[in-house]
Amino acid sequence: MLFLDIQMPNIDGMELAHSLPEETRVVFTTAFKEYAFESYEVNALDFLLKPIRYNKFLAAVEKAKKQYQQPIAPQPQQPNSLFIRVEGEWRNIAIDKITYVNGMKDYVMFYLDNEPKALITHLTMKAVEEMLPKDKFLRIHRSYIVHVDKIKKVDHNDCVYIGNEIIHIPEGYLPAFKSFLETHSF
């Protein structure tokens, strides 16, 4: 929980509030009532106008206590599979069976474990990237998203070996991939 003034040196309270983690509860304290409306854009818990009266301060603290005492809603569980339309029918594919995805314009090819042919569907890479769990899949190229657990090796030329494919990682995708490697290697 944070009591935050609007006017501060170097950064104003509104800017700071926008950069805080979502679960941080903010009570704005200011002499400028014109900021009251804007404070609700950052999901402020309360807005106290200076000079702050003690009973208003206590009410804000009580409101915060009640919010912290409420049980946290469980996060929705990631699905284990997804449906894609292939050759006029809907196919249910297990997310863990996806080795990698290759995009070509408005179509993507899903390469699955133990499947001889790719499943081709009408989707964009952006849509696929949003559907797949971020902790399991990484976009390493404009046209490729890979299941990180299925990467066999990465060579000194920044090529990823996955399935029967060798994918060179272009410069624009290297920083995110190297960051992934740093957090997943000894």
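Residues numbered from 1 in each chain as written. Predicted model: local features only at pLDDT ≥ 70, side-chain atom pairs only at ≥ 80, totals over all residues. Heavy atoms only, no water.

(A) Inspection of the pairing of strand 1 (residues 2–5) at higher detail. In this structure, strand 1 lies alongside strand 2 (residues 26–30), joined through four bridges in parallel fashion. Within strand 2, the position partnered with Phe3 by the bridge is Val27. For the segment spanning strand 1, helix 1 (residues 13–19) and strand 2, crossover handedness is right-handed. (Pairing = 2+ DSSP bridges. Helix = DSSP H or I, 4+ residues; strand = E, 2+ residues; numbered from the N terminus. Right-handed = clockwise from strand over helix to strand, strands pointing away.)

(B) View of the sheet that holds strand 11 (residues 151–154). Strand order across the open sheet formed by three strands is 11-12-13, with antiparallel pairing between neighbours. Each having just a single partner strand, strand 11 and strand 13 (165–168) make up the two edges of the open sheet. Strand after strand, the sheet turns through a mean of 25° between neighbouring axes, direction not considered. (Axes fitted to C-alpha atoms, helices over the stretch in contact; angles between N-to-C directions.)

(C) Structural view of helix 5 (residues 174–183). Taken together, the buried positions of helix 5 are occupied by Leu174, Phe177 and Phe180. Taken end-on, helix 5 shows its buried residues confined to a sector of 125°, consistent with a single buried face. Opposite the buried face of helix 5, by more than 90 degrees, sit the exposed residues Pro175, Glu182 and Thr183. Residues of helix 5 that are buried in the fold lie against strand 9 (137–141), strand 11 and strand 12 (159–162). (Buried < 20%, exposed > 50% of the residue type's maximum accessible area, 1.4 Å probe, protein only. Arc of directions from axis to C-beta. Contact = heavy atoms within 4.5 Å.)

(D) Unusual backbone geometry, seen in detail. In the segment running from Lys50 into Pro51, the intervening peptide bond is cis, with an omega of -5°. Here Pro51 lies in the loop between strand 3 (46–49) and helix 3 (54–69). Positive phi values are uncommon outside glycine, yet Glu87 reaches one of about 50°. By the secondary structure assignment, Glu87 is in the loop between strand 4 (81–86) and strand 5 (89–94). On the basis of relative accessible area, Glu87 is assigned to the exposed category, the value being 74%. Look at Asp158: it is not a glycine, yet its phi comes out positive at around 60°.

(E) Main features of the pattern of salt bridges. A full pass over the atoms with the stated rule returns nine salt bridges. A salt bridge links Asp113 to Lys150, with the shortest nitrogen-to-oxygen separation between them at 2.5 Å. Of this pair, Asp113 sits in the loop between strand 7 (107–112) and strand 8 (119–122) while Lys150 is found in the loop between strand 10 (144–147) and strand 11, placing the two residues 37 residues apart along the sequence. Here Glu129 and Arg139 are joined by a salt bridge, their closest N and O atoms 3.1 Å apart. A residue pair is termed long-range when its members are at least 10 positions apart, and Glu129 in helix 4 (residues 125–131) and Arg139 in strand 9 qualify at ten residues. For Glu129, a relative accessible area of 30% corresponds to the partly exposed category. (Salt bridge = Lys/Arg side-chain N within 4 Å of Asp/Glu carboxyl O.)

Just distances and angles here, no functional claims.
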